[in-house]
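As a plain string of letters, each chain reads:
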2 protein chains.
Amino acid sequence: MGHIDNINMDELDFVEMEMEEIQGLAEQLLAGRKYSMLRQMLGNLNAADVALLFDEIDNKEIPLLYRLLPKEEAAECFSYMSRDMQKNLINTLTDRELRAVMDDIFLDDTVDMIEEMPANVVARILRNTDEETRKMINQILNYPKDSAGSLMTIEYVNIKKEMTVGEAISRIRKTAVDKETIYTCYVTENRKLIGMVSVKDLLMAEDSMQIEDVMETNVIYVDTHEDKEEVAKILNKYDFLAIPVVDREERLVGIITFDDAMDVMQEENTEDITKMAAMLPTEDSYFNTSAFSHAKSRISWLLVLMLSATVSGSIITHYQETFKLYPLLVSFIPMLTGTGGNCGSQSSTLMIRGLALDEIKFRDTFKVVFKEFRIALLVSVVLAVVNGMRIYFQYGDLQIAIVIGLALVVIVVLSKFIGCTMPLLAEHIGLDPALMAAPLISTIVDICSILIYFKIATVLLQISVP
Amino acid sequence: MGHIDNINMDELDFVEMEMEEIQGLAEQLLAGRKYSMLRQMLGNLNAADVALLFDEIDNKEIPLLYRLLPKEEAAECFSYMSRDMQKNLINTLTDRELRAVMDDIFLDDTVDMIEEMPANVVARILRNTDEETRKMINQILNYPKDSAGSLMTIEYVNIKKEMTVGEAISRIRKTAVDKETIYTCYVTENRKLIGMVSVKDLLMAEDSMQIEDVMETNVIYVDTHEDKEEVAKILNKYDFLAIPVVDREERLVGIITFDDAMDVMQEENTEDITKMAAMLPTEDSYFNTSAFSHAKSRISWLLVLMLSATVSGSIITHYQETFKLYPLLVSFIPMLTGTGGNCGSQSSTLMIRGLALDEIKFRDTFKVVFKEFRIALLVSVVLAVVNGMRIYFQYGDLQIAIVIGLALVVIVVLSKFIGCTMPLLAEHIGLDPALMAAPLISTIVDICSILIYFKIATVLLQISVP
């Protein structure tokens, strides 16, 4: 890039630059005290990228860098920062600076922040928030953690049905700066939600028309107590920019915007995937969670599954005499339990995902079982033939080949049955289907597989078990 | 609900009604030939819900129901329908009706549809599309399947930097009806993208100001060949309503809106989860995929994993004499391999998800390994102590208790090492990390676990292996 004195800020194309280059340049400018160039650069970057920049630079430069941000960008950038960075920054800001941030960031971001900050930081935030906002924060904090109420923002555009389109537009123009989205306007009467109109519809209508005549009256809304995952699904289903949230008396209390819904969707996916690998979900990202917390979130299921696996052990002990006679039989155990586990988790994974996306319901159980049965037959016959032939050619023992082939068919059919029914049953009795994923299914299928295998072996090989 | 003659459409609150109730009412109205009531009802429902209604009603009523739809809702509803329903409907529509649909639906939806329809339906669609649209469809179809180009729409608002804010607003008002989103307007010069301005900014500015002075010039855009998963991530990162797509000459060719990004995110998550359960992703939903296709998508990995598991078998055969002396040793195999597999997949799952969300990168490998090592120590000591004590009290055999305890510690540490490094390596060499999930990790860990176990057992129990 050459020496910093030779850089012309207007000629740099930040969109084309890698994050690492931007970071390097920022560090050079800081070191060279080129503050006005740095300010110009920060103004040209997107607030989300500036927030990432803060993570990379030296801690003691952070307050300086923050003070260089153009005022209108500071608050936006602040809401994109990690919690740790926000906490550090709050501790270095003066009361006056903190108040400026709190005035500018949207209420839902403030609430999210407060929920995760230590008490002394929360106290400082609340001290620097005006009375009215503080009241609304407390109200939102009262909603259950995963509810629509806790996710919503109250910064929406509110109009009246008696207004004309022109009046509505000029209301939007006046209040837009403080609103999280202006593109959907809500029509209320005595605080009740009676209609909705998009800015697109307003712009396409004549200025003289009445809101009452252009508004959509069949408004899809959610209740403050609705689960946030459900809210994200609804926004995704209807491709809404925002959805209104009403209280028990059907009064409009807030809105939830699509960007928050996207975040909820990703969080829920992460949570499901974590649970499916026998872990308790952690609040924070991988690196922000301590080794001890990671261990804690992993140990409980490992203990349960380890102790359950001793059941397989007892069955094996029961058939000791069998494998003393035929030691070769033991060597097929990992292959049989492995295949059973994989087949079972294929089915359970599809059920868990189908249930999460509302593509599969409990009432489809019979249809699912029938389908999985046909799939299991197709799959198991191929596996049995391939493995039976391998064993026959490797050991020249037709009897063992038949035992393994037959065991494979029965194990695959049963694994798929267990794999597809357990998540559906879990959903039906109100448990999280994601718990019925690979680890638990494998442990259960292991027990069944070993039982089936030794039963078939002892019968076909005519071994008497005490 | 009482007899249909007594129903007053204006009094029904469709938002509060369950889908089943709406469907029942639609069927009653169809049966009673109450077409004007039905039309009124359809007009009050959201297009996404009307599309669901089509899935539920008798096939032969479908053309009738479609013709009852208010004209402006018909095309929107059509784009929400399943592919099968669209195909059926196209076959019953007259050319004139089909042309009306094609005129009204957005180009990106047309392209998605064409990509998945049989050739004869595609031919009919293209015959009923105007020349210019046909040319653009062909152009979009030329982009690679998972690229930004194939996902974009060309129906965006285009303005010039010389316009005033007032002129831009009146241009939006005139052209809004045909645009997928009007809320972000793009400024071009010689077809090149030079800026962007949101409707919010336009409304907040004075009518007399020039676009040049209010537009944002550091526009974040994507290339037509960018992977659509990447595009979805960018939209999510910046909370954008839409992102512009440019060609190799930096000319603006289209935009991608947040609703399509949401769908991509969900599809990619489903694909990852499917791959993580050792299946090839299928194009369609669970029920829309045949048993044969399901079997096909599951069999390849099952075969690979089954045959790999025979390695574990050979190791066991090698130690035949050991477990002839100590048959009890065999009974611990499922518990040890199970625990190893679970520990390994916990680590690999967190890596795969961390990589997908860009929270973990290959350069973090050392940090990750060190963290997983500490976690593995914490977890394995707990497991070893619990299981060692159980074995000691159950069998009164301290030697076996020590063998199992020690084997558990080594197996857990090694599993976590394999589990965390394999996805990172896969990413580094350009493979999909999702392939390194539970099934493959378990198979590899099984082999290592059995090897470690018998090694420790033969050494501590002083058994000589031939």
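Think of each chain on its own: its residues are numbered from 1, step by step along the sequence as written. Following the order in which they are written, the chains are lettered starting with A and the ligands numbered starting with 1. For a predicted model such as this one, the threshold for reporting local features is a pLDDT of at least 70, and the threshold for listing and counting side-chain atom pairs is 80 or more; totals across whole chains, interfaces and linings nevertheless cover every residue. As a rule here, side-chain values cover all heavy atoms of the structure and leave hydrogens and water aside.

1. Notes on the relation of the copies chain A and chain B
The superposition of copies rests on a least-squares fit of C-alpha positions from residues with pLDDT of 70 or more in both. Mapping chain A onto chain B calls for a rotation angle of 180 degrees and an axial translation of 0.0 Å; the resulting RMSD is 0.1 Å. Here the symmetry operator amounts to a two-fold rotation axis. Every residue pair with non-hydrogen atoms within 4.5 Å of one another is taken to be in contact. Residue by residue, 100% of the interface of chain A is reproduced at the interface of chain B, so both copies engage with the same surface.

2. Things to note about the environment of B:Ile450
Helix numbers and strand numbers start at the N terminus; a helix is a DSSP run of H or I with at least 4 residues, a strand a run of E with at least 2. Take B:Ile450: it is sitting in helix α22 (residues 438-460). Buried residues are those whose accessible area, probed at 1.4 Å on protein chains only, stays under 20% of the maximum for their type, while exposed residues exceed 50% and partly exposed ones sit between those limits. For B:Ile450, a relative accessible area of 1% puts it in the buried group. B:Ile450 sits 137 residues away from B:Gly313 along the chain, and the two C-alpha atoms are 9.3 Å apart. Each residue touching B:Ile450, except ones within four places of it in the same chain, is listed here: A:Pro334, B:Ser312, B:Ile315, B:Ile316, B:Ile333 and B:Thr337.

3. With respect to the packing of helix α6 (residues 83-92) of chain B against helix α8 (residues 107-116) of chain B
All names here are of chain B. Orientation is described by axes fitted as lines to C-alpha atoms, over the contacting stretch for helices, and by angles from 0 to 180 degrees between their N-to-C directions. Axis separation between α6 and α8 bottoms out at 11 Å; the angle between their running directions is 90 degrees. Comparing the axis directions of α6 and α8 gives the class roughly perpendicular. Residues Arg 83, Gln 86 and Ile 90 of α6 form the contact with α8, whose participating residues are Asp 112, Met 113 and Glu 116. These descriptions rest on fixed angle ranges, namely under 35 degrees for roughly parallel, over 145 for roughly antiparallel, 65 to 115 for roughly perpendicular, and the rest for oblique.

4. Observations regarding the pattern of salt bridges
Put simply, a salt bridge is a Lys or Arg side-chain nitrogen that is within 4 Å of an Asp or Glu carboxyl oxygen. All chains considered together, the criterion is met by 45 salt bridges over all chains. Where B:Glu97 meets B:Arg67, a salt bridge forms, and the shortest distance between an N and an O atom there is 2.6 Å. Residue B:Glu97 is found in helix α7 (residues 95-104), and its partner B:Arg67 is found in helix α4 (residues 62-68); the two are separated by 30 residues along the sequence. In the salt-bridge network here, residues are joined through shared partners; they are A:Lys145, A:Asp146, A:Lys228 and A:Glu267.

5. Digging into the packing of aromatic side chains
Residue and element names in this part refer to chain B. Any Phe, Tyr or Trp ring, taking Trp's six-membered ring, that has another such ring centre within 6.5 Å forms a pair; planes under 30 degrees apart are called stacked, those over 60 apart edge-to-face, and the others tilted. Throughout the structure, instances matching the rule amount to 19 aromatic pairs over all chains. Arranged with centres 5.2 Å apart and planes meeting at 15 degrees, the rings of Tyr 238 and Phe 240 form a pair that is stacked. Across this residue pair, the class does not change: Tyr 238 and Phe 240 are buried. Arranged with centres 5.2 Å apart and planes meeting at 40 degrees, the rings of Tyr 453 and Phe 454 form a pair that is tilted. The exposure class of Tyr 453 is buried, given its relative accessible area of 1%. When its relative accessible area of 0% is taken as the criterion, Phe 454 is described as buried.

6. Some remarks on the environment of B:Ala434
Residues and elements named next belong to chain B. For Ala 434, the position within the fold is in the loop between α21 (398-428) and α22. Sequence separation between Ala 434 and Asp 272 is 162 residues; the distance between their C-alpha atoms is 5.9 Å. Those residues in contact with Ala 434 that sit more than four places away from it in its chain are Asp 272, Lys 275, Met 276 and Ile 352.

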